[in-house]
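Descriptive structure summary
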Amino acid sequence: MTELLNDSIVKQLEDFFGQLTGEVKIFLFTSRDKQEACETTSQLLFEVSSLSPKISMIVVDSDAKPSLARQYQVEGKAPALVITALDKTADGSEQITDYGIRLLGVPAGHEFGTLIQDILLVSGRNSGLSDELRAYVQGLSEPLHLEVFATPG
Amino acid sequence: MLAHQIAMENPAMVLAEGISAQDFYELASEYGVSGVPDTVINGKGRVVGAVPEKQMLSQLMKQFNK
């Protein structure tokens, strides 16, 4: 299969990923209804995650594991990426922190940039928000659902 | 993406989805998305364009009346 990332992008990503501190685990939820888009996303994610030992990926078949798709709030939204933090507990087991970060659709064009930013963001375990917005968001007592539409650039 | 930074601060309350309008065109057309980025807040409020944090904060305050 032809690689999706060319040498120049690979080189840039390797530079970016040199800054990674914490580990990042990306869940890709797939569905047979969106097979082609899911395969493209899977290959893209494989190529990205292979550029750093700090990035791992797991592919979840939403059709076979609907309860997991429900748990991560990505039912009927394939291909869906859930970008989480991976830490090891004292006993060596994996601890996943879900920050509520999702990318829906093939992360191409502009969305590819967002995926890379998300990896850096989650790896740093710091939102980087201003104190004012940070305090407001932390004080929210009602659910907030943000749907940000973009198109592949 | 600002929405993802926001989610990170309170993931128990916030879900932030970056959505490809091309792959999810039905949802995008349901909301009447034309220019991007276009942020839909709790299915109602709108922020069109990439806005600075202060503007996003004022939209959120408007949404929650506080």
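Residues numbered from 1 in each chain as written. Chains lettered and ligands numbered in written order. Predicted model: local features only at pLDDT ≥ 70, side-chain atom pairs only at ≥ 80, totals over all residues. Heavy atoms only, no water.

1. Quick notes on the layout of surface pockets
- In this structure, the largest pocket encloses a volume near 260 Å³.
- Counting only elements with at least two residues in the lining of the largest pocket, the list comes to helix 4 (110-124) and strand 5 (144-150) of chain A together with helix 1 (2-9) of chain B.
- Ranked by residue count, the leading element in the lining of the largest pocket is helix 4 of chain A, at five residues.
- Of the residues in the lining of the largest pocket, the class split is nine nonpolar, six polar and one charged.
- One number sums up the size of the second largest pocket: a volume of about 210 Å³.
- If you trace the second largest pocket, you find it lined by Lys34, Ala37, Ala78 and Pro79 of chain A together with Gln22, Asp23, Phe24, Tyr25, Glu26 and Leu27 of chain B.
- It is helix 2 (residues 25-30) of chain B that contributes the most residues to the lining of the second largest pocket, three residues altogether.
- When its residues are assigned to classes, the lining of the second largest pocket shows six nonpolar, one polar and three charged. (1 Å grid on protein atoms, 1.4 Å probe; cavity = no way out; pocket = protein on both sides within 12 Å on 5 of 7 lines; lining within 4 Å. Points joined across faces, edges and corners; volume = space filled by probe spheres on them. Helix = DSSP H or I, 4+ residues; strand = E, 2+ residues; numbered from the N terminus. Nonpolar A, V, L, I, M, F, W, Y, C, P; charged D, E, K, R; others polar.)

2. A look at the interface of chain A and chain B
- Contacts between the two partners involve 45 residues from chain A, matched on the other side by 42 residues from chain B.
- The three residues of chain A that bury the most area against chain B are Leu146, Val148 and Phe149 of chain A, which together make up 20% of that side's buried surface.
- Counting across the interface, chain A meets chain B through three salt bridges.
- Between Glu132 of chain A and Lys54 of chain B there is a salt bridge, with its nearest N and O atoms 2.9 Å apart.
- For the pair chain A and chain B, the interface holds 32 residue pairs in polar contact (both at pLDDT 80 or more).
- Its residues placed into classes, the side of chain A that touches chain B shows 20 nonpolar, 14 polar and eleven charged. (Contact = heavy atoms within 4.5 Å. Buried area = accessible area lost by both parts, 1.4 Å probe. Salt bridge = Lys/Arg side-chain N within 4 Å of Asp/Glu carboxyl O. Polar contact = N/O pair within 3.5 Å; in protein donor to acceptor, adjacent residues only side chain to side chain.)

3. Some details on the side chain of His4 of chain B
- Relative to the elements of secondary structure, His4 of chain B occurs in helix 1.
- Exposure remark for His4 of chain B: the relative accessible area of 0% places this residue in the buried category.
- Reaching out from His4 of chain B, the side chain makes a polar contact with the side chain of Asp118 of chain A at a distance of 2.8 Å. (Buried < 20%, exposed > 50% of the residue type's maximum accessible area, 1.4 Å probe, protein only.)

4. A few points about the packing of aromatic side chains
- The full count for this structure, using the stated rule, is four aromatic pairs over all chains.
- Taking 5.8 Å as the distance between ring centres and 45 degrees as the angle between the ring planes, the aromatic pair formed by Phe29 of chain A and Tyr72 of chain A counts as tilted. With Phe29 of chain A in strand 1 (residues 23-30) and Tyr72 of chain A in the loop between helix 3 (66-71) and strand 3 (80-88), the pair connects residues that are 43 residues apart, well separated along the chain. As far as burial versus exposure is concerned, Phe29 of chain A and Tyr72 of chain A are alike and both buried.
- For the ring pair Phe149 of chain A and Tyr31 of chain B, a centre distance of 5.8 Å and an interplane angle of 65 degrees mean the geometry is edge-to-face. Taken together, the residues span two chains, with Phe149 of chain A in strand 5 and Tyr31 of chain B in the loop between helix 2 and strand 2 (38-41).
- Joined through ring pairs, the aromatic side chains of Phe27, Phe29 and Tyr72 of chain A make up one cluster. (Phe/Tyr/Trp six-rings, centres within 6.5 Å; stacked < 30°, edge-to-face > 60°.)

5. As for the pattern of salt bridges
Residue and element names in this part refer to chain A.
- Scanning the model with the defined rule gives eleven salt bridges over all chains in all.
- In this structure, Glu75 engages Arg70 in a salt bridge whose closest nitrogen and oxygen atoms are separated by 3.2 Å.
- Owing to a relative accessible area of 44%, Glu75 belongs among the partly exposed residues under this scheme.
- Relative accessible area serves as the criterion here: at 47%, Arg70 is assigned to the partly exposed category.
- A salt bridge links Arg125 to Asp87, with the nearest nitrogen and oxygen atoms 3.1 Å apart. With Arg125 in the loop between helix 4 and helix 5 (131-138) and Asp87 in strand 3, this residue pair connects regions lying 38 residues apart in the sequence.
- What makes Arg125 partly exposed here is its relative accessible area of 26%.

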